[in-house]
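# Structural features, examined
What follows is each chain in one-letter form.
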Amino acid sequence: MNSLRPRRRSAAGLPVLALLITVAGCSSADDSASAAVPSPGAKVTGLCRNLDKVLPSEVDSQGRRDPEPASALTAGWGNPAIILRCGVVRPAKMNDPEADGVDVNGVGWLLQKQDDGSFRFTTTLRKAYVEVTIPKDRTGDGLAPLVDLAKAVKKAIPAGIAD
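Attention here is on the structure that accompanies the text. Given the structure is predicted, the values throughout are model-derived calculations rather than measurements.

## Notes on the pairing of strand β6 (residues 107-113)
Burial analysis of β6 places five of its seven residues in the buried class, the great majority of the element. As paired strands, strand β5 (residues 101-104) and β6 are joined by four bridges and run antiparallel to one another. Bridge pairing in β6 places V102 opposite W109. Count of turn residues in the β5/β6 antiparallel hairpin: two residues, of which N105 carries a positive phi of about 50°. Sheet topology note: the β6/strand β7 (residues 119-124) ladder contains six bridges and is antiparallel. Note on β7: the bridge partner recorded for Q112 is R120. What sits between the antiparallel neighbours β6 and β7 is a turn of five residues, in which G117 has the positive phi angle 95°.

Right, here's the structure in full:
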């Protein structure tokens, strides 16, 4: 008869435990950004992991707040989040000789305005493509996020042509 008591206690606690897990899951995921994780080859993945180690803790005065799912190939800052993805595929727009580009502290970036008012910047002439998306709510800050990221990109992603 004593063997039934532990079962009754644990069974009664299961609904409470399930409720706590559900509430915790909803509250922590609702306000986090998400980003698709690139899937580059091993060489580029290594470069991206090196980049992740040297990324600044703040970009444009916003604290680091990585998107979901967690990956060394993605990073984020602020809310709405400035999102960095490393190891993305080469944008087709790079084939356009009239594409807009900028150089920020020695790092070249392809500039693409998105339909939602955000801006996407992708590194050029680097061994891995690094993409930074700046939400429309942050576009008034100009190139400040790229200024903050340039040193890390130069340190971790060598100049050259990505494979």
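Right, picking up where we left off after that structure.
## What about the layout of surface pockets?
Over the atoms rolls a probe the size of a water molecule, and its path tells where empty space is left. Computed from the structure, the largest pocket encloses a volume of approximately 200 Å³. Along the wall of the largest pocket there are 16 residues; nearest its centre are A33, S34, A81, I83 and P135. When contributions to the lining of the largest pocket are tallied by element, the ones reaching two or more residues are β4 (82-86) and β8 (130-134). The element best represented in the lining of the largest pocket is β8, accounting for three residues.

## Quick look at the nonpolar core
Considering soluble globular proteins, one finds that nonpolar side chains tend to be buried as a cluster. Formed by 27 residues in total, the largest nonpolar core has its most connected members in L51, L55, W77, L84, W109, V132 and I157. Put simply, the parts of the chain that give this core at least two residues each are α2 (42-54), β3 (74-77), β4, β6, β8 and α3 (144-156). Top contributing element to this core by residue count: α3, with six residues.

About the cut-offs
- Residues numbered from 1 in each chain as written.
- Predicted model: local features only at pLDDT ≥ 70, side-chain atom pairs only at ≥ 80, totals over all residues.
- Heavy atoms only, no water.
- Buried < 20%, exposed > 50% of the residue type's maximum accessible area, 1.4 Å probe, protein only.
- Helix = DSSP H or I, 4+ residues; strand = E, 2+ residues; numbered from the N terminus.
- Pairing = 2+ DSSP bridges.
- 1 Å grid on protein atoms, 1.4 Å probe; cavity = no way out; pocket = protein on both sides within 12 Å on 5 of 7 lines; lining within 4 Å.
- Points joined across faces, edges and corners; volume = space filled by probe spheres on them.
- Core = buried A, V, L, I, M, F, W, Y, C linked by side-chain atoms within 4.5 Å.

Everything listed here is a matter of coordinates, which is why it stays silent on function.
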